[in-house]
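What follows is each chain in one-letter form.
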Amino acid sequence: MQNFAEWFAAITQKPPFPYQERLATVPELPILLNVPTGAGKTAAAVLSWLWRRRYVDEGTRQRTPRRLVYCLPMRTLVEQTYAEVEGWLERAGLSDEIGLHKLMGGVVSPRWEAHPEKDCVLIGTQDQLLSRVLNRGYGMSRYKWPIHFALLNNDCQWVMDEVQLMGAGLRTTAQLQGFRELFGTYGSTRSLWMSATLDPELLRTVNYKPALSQAHALTDADYQNKKLNDRMQSQKRLVKAETECAGKETDYTKALAKETVAAHQPGTMTLVICNRVSRAQELYKVLQKQTSEELTLIHSRFRAAERLALNQKLREGKLSGILIATQAIEAGVDISAQTLFTELAPWSSLVQRFGRCNRYGECSDTATVYWIDIPDLKKGASPYNPEQLETARSLLENLEQVGPEALKNIPAPKEEIEGLIPRQHDLLQLFDTSTDLAGHDIDISSFIREADETNVAIAWREWTDDKPPADMSAIQQQELCRVSIGRAREFFSKLKNQKAWVRDGLRGWQEATTLYPGMTLLLHCSAGGYDPVLGFTGTTPQTPAVPLDEWIAPDQDERDNLSQGATKFVQLSVHSQDVAEEVETLCKEFSVLDLPAEILIRAGHWHDAGKAHPIFQKVLTHNRPEQVGETLWAKSDHDFKNPDDRCNLPHERRGFRHELVSALLALQEQQDFLLCYLVACHHGKVRMTIQPRPTEKVIGVERFALGVHHGDRVHEQLPEIDLGGGLSIKSQELSLDCIGMGDGEHGESWAAQAIALLEEYGPFKLAFLETLIRIADWRGSARYAPHILEKTDA
């Protein structure tokens, strides 16, 4: 077998630095990795995990989590890191064995969660990843929240990179690691924080008290490495720019453009970093008039469709001329400019920006950094606070060089992180994914970013009626542009004869009257606000729609994507057996985790028992009279894109949930409550609480919820329900006593038993058990409908 150094060189096409080799071969990965920018932290973290997971002794493999979760503060970093890891896996010959997935606003890999038993690398933004580990995933079906919550909290090695940019999210990652150690997880789940400027004390929280001595840093052996030493000794002359960020934005950008053009050397790259998107856009427009040099604009307010071309240029190193950017470029992006202009920023951000100039020591004789002062910090500090900028200014005024060697002896200023951290009661409340009676969810935005950094996602489309059509395709990732809530409110307030729309799982398209972080909004193209070259402006009069290649079913509360679209009708007994077999296979894959395998397999048999209900059989045999009879079906060949194949249930049965019937039957048959709970959860729509929907009204029925009525009989004509594998249950009437308060006919209330189950297993383990049943259901369904493992939000 190759040693790590040989393997690393073959994968990356360069030998490892000494610290990278040490990281891969120490007994346990540390908590902290403290190395300067440009020293190869990404390769160190990713390839250390891969080496441990694939090429060492069995004991180390078992201790190494099967999922690597790489968390970054910005989307541009995600795309670059993804491209690097993709190349490493290809050269290692592991592309088919190890999944590689992207999770960021505008692009989320479909069905990454379908194979939890496989090794995989997940690379995402803190917004996408932290919202998921808090069970409120941004920009995704609410019914899949528990799956992502489970898979990102169990059997994972978390890596937080460029943590100086994470803000409130940094302490949330630490608190979550404390929760995992408190409640327990299936498989080892660890965290590694990486930065050149991190204050380790920020990782200490109420529930997490790490041994901060577990840090990994450069040693003398690293400084003796010529290539790394060249980077550490790179020279970057510091000069205060003549232009100051003051007065009108148009006057400022004209002056800055003139100074930039004068300083730019043809054939090299000049990088200008602005603190605000609007200034970067204005500077780009002014430079278009002042120079014929190639111009590139990069910031965080582009749709994914337009961002692809920009990121391709970044990855391929084809940038030249003048690059105008915002904070989106200041960390991790592998570019090296000869000339850098940067507005005054917090010291930790400035250190990262300096790393984009003469990154490899290739132009130490000419590399120059110009810092742009902001005289009036009361007016001009945004998005930072004035105290941070004042501290940074005082440091800059005493410096002539900002290369790594010049900066290493400057102590990083203490920076307070604003925002809340989740407490234990928050986590347990977030485990319940049901809304309150008003249809609202718990707001997690303050746990992820500071309040003024929270975003919504906007898409633009054409339609002819007053509101978007009900059968319009689900919004797709390439259409979305992330916009801060403040900018979105300002933009919407100026719209005339236009509305912002949000899709409600129960009521379809509704006017968006309240904005909350992570929500997805739809505008008509005539509302404008977005320019493909400049990104979101809030002023562009017309916005072109992104062409879509396919229609995707919208996420609706009553839709059951798993039950329709099969290649043929499938009997309930057959599907139940299929799912039980898939559960058993998954349990064998996770044999080292001490799962309650017997209960899980029985839950596979029970999960669709409720499909024997006459209402569900009516849905499955709608427009198929030849299938009506004594056979109980679990799957039909209906195409839900075809209006003729859609069965419109009476109002009192709208949103009928067969899994609630399954759970009630299991409860009445005195099955273990864990089985009852897992059966109820297998679509993510019935979990900790059972209550009627706000729009659900039924006259003359004692109790009802989710389209199911107290006293319903399952099944009306057959004496028994065959659940496969020799398991059958008698037909019977349903009792909804469990949705009330206190004890009912079949024991304590559903909510009381669910809370006791949560206390017994803890949130992370219980969600993982839910996830195994749901994935087994996907796989059993995919035997007759292969598309299920590709795109559906089942």
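Trainee: Is there a simple way to explain the overall build of the protein chain in this structure?
Mentor: Counting its regular elements, the protein chain contains 27 helices and 29 strands. Here the C-alpha atoms of the protein chain give a radius of gyration of 28 Å, agreeing with the 28 Å that 2.2 N^0.38 yields for 794 residues. Seen through its C-alpha atoms, the protein chain measures out along the principal axes to roughly 90 × 65 × 45 Å. Burial statistics for the protein chain: of 794 residues in total, 60% are counted as buried. Contacts in the protein chain between residues far apart in sequence, at least 24 positions, make up 75% of those at least 6 positions apart. Summed over all atoms, the accessible surface of the protein chain reaches about 31200 Å², with 47% contributed by carbon and sulfur. Averaging the coordinates of the 88 positive side-chain charges in the protein chain and doing the same for the 107 negative ones gives two points 4 Å apart.

Trainee: Sorry, what's going on with unusual backbone geometry here?
Mentor: The phi torsion of most residues other than glycine is negative, and most of the peptide bonds are trans. Of the consecutive residues Ser-382 and Pro-383, the connecting peptide bond is found in the cis state with omega at 15°. In this structure, His-715 follows Val-714 across a cis peptide bond, with omega equal to -10°. Mapping His-715 onto the fold places it in the loop between strand E26 (713–714) and strand E27 (720–722). In the Ramachandran plot, Gln-13 falls in the positive-phi region, its phi being about 65° despite a non-glycine side chain. Assessed through its relative accessible area of 62%, Gln-13 is described here as exposed. Here the phi dihedral of Asn-358 falls at roughly 45°; this positive angle occurs in a residue that is not glycine. Within the secondary structure, Asn-358 is located in the loop between helix H14 (347–354) and strand E14 (368–372).

Trainee: It is not clear to me how the side chain of Glu-659 should be interpreted in this structure. Could you clarify?
Mentor: In this fold, Glu-659 is placed in helix H24 (residues 658–668). In contact with Glu-659, not counting residues within four places along its chain, are Val-679, Ala-680, His-682, His-683, Lys-685 and Val-686.

Trainee: Mind showing me how you'd approach the pairing of strand E2 (residues 67–72) here?
Mentor: The side chains of a regular strand alternate between the sheet's two faces. Along E2, 6 of the 6 residues are buried, which leaves the element largely enclosed by surrounding structure. As paired elements, E2 and strand E5 (residues 120–125) share 6 bridges and run parallel to each other. Each residue of the ladder has a partner; that of Leu-72, found in E5, is Thr-125. Bridge count for E2 against strand E6 (residues 156–160) is 5 bridges, and the pairing is parallel. Counted as the bridge partner of Arg-67 is Cys-156 from E6.

Trainee: I would appreciate a short explanation of the nonpolar core in the present structure.
Mentor: Across soluble globular proteins, nonpolar side chains have a tendency to be buried as a group. If you look at the biggest cluster of nonpolar residues, it comprises 114 residues, and the most contacted ones within it are Trp-158, Trp-193, Tyr-677 and Trp-750. Apart from the residues within four sequence positions on either side, Trp-193 is in contact with Ile-31, Leu-32, Leu-33, Met-160, Val-163, Leu-170, Thr-173, Ala-174, Gln-177, Leu-198, Leu-203 and Tyr-208. Cys-274, Leu-399, Trp-460 and Leu-521 belong to the second-largest nonpolar core, a separate cluster that totals 79 residues.

Trainee: I keep staring at the sheet that holds E14 and nothing clicks. Help me out?
Mentor: Each strand in a sheet pairs with its neighbour through backbone hydrogen bonds, running either in the same direction (parallel) or in the opposite one (antiparallel). Read across the open sheet, the 6 strands follow the order E9-E14-E13-E10-E12-E11; overall the sheet is parallel. Edge positions in the sheet fall to strand E9 (237–240) and strand E11 (295–298), since each has one partner strand and no second. Taken over all neighbouring pairs, the strand axes of this sheet differ in orientation by 15° on average, direction set aside. On the sheet, helix H11 (residues 249–263) packs against strand E10 (269–273), strand E12 (321–325), strand E13 (339–343) and E14 and is oriented at approximately 160° with respect to E13. Each of E10, E13 and E14 is contacted by H14, which is oriented at about 165° to E13, the strand it contacts most.

Trainee: Could you clarify how one ought to interpret the packing of aromatic side chains in this entry?
Mentor: The description of an aromatic ring pair uses the distance of the two centres, along with the angle that the planes make with each other. On inspection of all chains with the given rule, the structure shows 20 aromatic pairs. Relative to Phe-764, the ring of Phe-183 lies with its centre 6.3 Å away and its plane at 75°, an arrangement referred to as edge-to-face. With Phe-183 in helix H8 (residues 168–183) and Phe-764 in helix H27 (residues 763–782), the pair connects residues that are 581 residues apart, well separated along the chain. The class for Phe-183 is partly exposed, based on a relative accessible area of 21%. A cation over an aromatic ring shows up here: Lys-102 above the ring of Tyr-82, its NZ or CZ 4.4 Å from the ring centre. Directly above the aromatic system of Tyr-223 lies the positively charged group of Lys-408, at a separation of 5.3 Å from the ring centroid.

Trainee: Honestly, H27 in this entry has me stumped. Any pointers?
Mentor: The periodicity of an α-helix, 3.6 residues per turn, causes residues three or four places apart in sequence to face the same way. Between its first and last C-alpha, H27 extends 28 Å over 20 residues, near the 28 Å set by a 1.5 Å rise per residue. Burial within H27 is extensive, with 19 of its 20 residues counted as buried.

Trainee: Please clarify how the pattern of salt bridges should be interpreted in this entry.
Mentor: A side chain with one charge can pair with a side chain of the opposite charge if their charged atoms come near. Summed over the entire model, instances satisfying the criterion amount to 33 salt bridges. Here Glu-28 and Arg-190 are joined by a salt bridge, their closest N and O atoms 4.0 Å apart. In this pair, Glu-28 is assigned in the loop between helix H2 (18–25) and strand E1 (32–34) and Arg-190 in strand E7 (residues 190–194), connecting sequence segments 162 residues apart. Residue classification places Glu-28 among the partly exposed residues on the basis of a relative accessible area of 38%. Its relative accessible area of 23% is what places Arg-190 among the partly exposed residues. With a shortest N-O distance of 4.0 Å, Arg-487 and Glu-490 are connected by a salt bridge. Of this pair, Arg-487 and Glu-490 both sit in helix H20 (residues 485–493), 3 residues apart, which is roughly one turn of the helix. Given the relative accessible area of 29%, Arg-487 is considered partly exposed.

Trainee: Before we go on, may I ask you to explain the confidence of the model for the protein chain in this structure?
Mentor: In low-pLDDT regions, the fine details of the predicted coordinates are not to be read closely. In the predicted model, the protein chain carries a mean pLDDT of 88, and the fraction of residues at 70 or more is 93%. The least confident element of the protein chain, judged by mean pLDDT, is strand E4 (residues 107–108) at 70; the most confident is helix H25 (residues 673–680) at 98.

Conventions and cut-offs
Residues numbered from 1 in each chain as written. Predicted model: local features only at pLDDT ≥ 70, side-chain atom pairs only at ≥ 80, totals over all residues. Heavy atoms only, no water. Helix = DSSP H or I, 4+ residues; strand = E, 2+ residues; numbered from the N terminus. Rg over C-alpha atoms; globule rule 2.2 N^0.38 Å. Buried < 20%, exposed > 50% of the residue type's maximum accessible area, 1.4 Å probe, protein only. Contact = heavy atoms within 4.5 Å. Areas by Shrake-Rupley, 256 points an atom, 1.4 Å probe, with all protein chains shown as cover. Lys, Arg positive; Asp, Glu negative; His and termini not counted. Charge placed at Lys NZ, Arg CZ, Asp CG, Glu CD. Pairing = 2+ DSSP bridges. Core = buried A, V, L, I, M, F, W, Y, C linked by side-chain atoms within 4.5 Å. Axes fitted to C-alpha atoms, helices over the stretch in contact; angles between N-to-C directions. Phe/Tyr/Trp six-rings, centres within 6.5 Å; stacked < 30°, edge-to-face > 60°. Lys NZ or Arg CZ within 6 Å of the ring centre and 35° of its normal. Expected span 1.5 Å × (residues − 1). Salt bridge = Lys/Arg side-chain N within 4 Å of Asp/Glu carboxyl O. pLDDT = per-residue confidence, 0-100.

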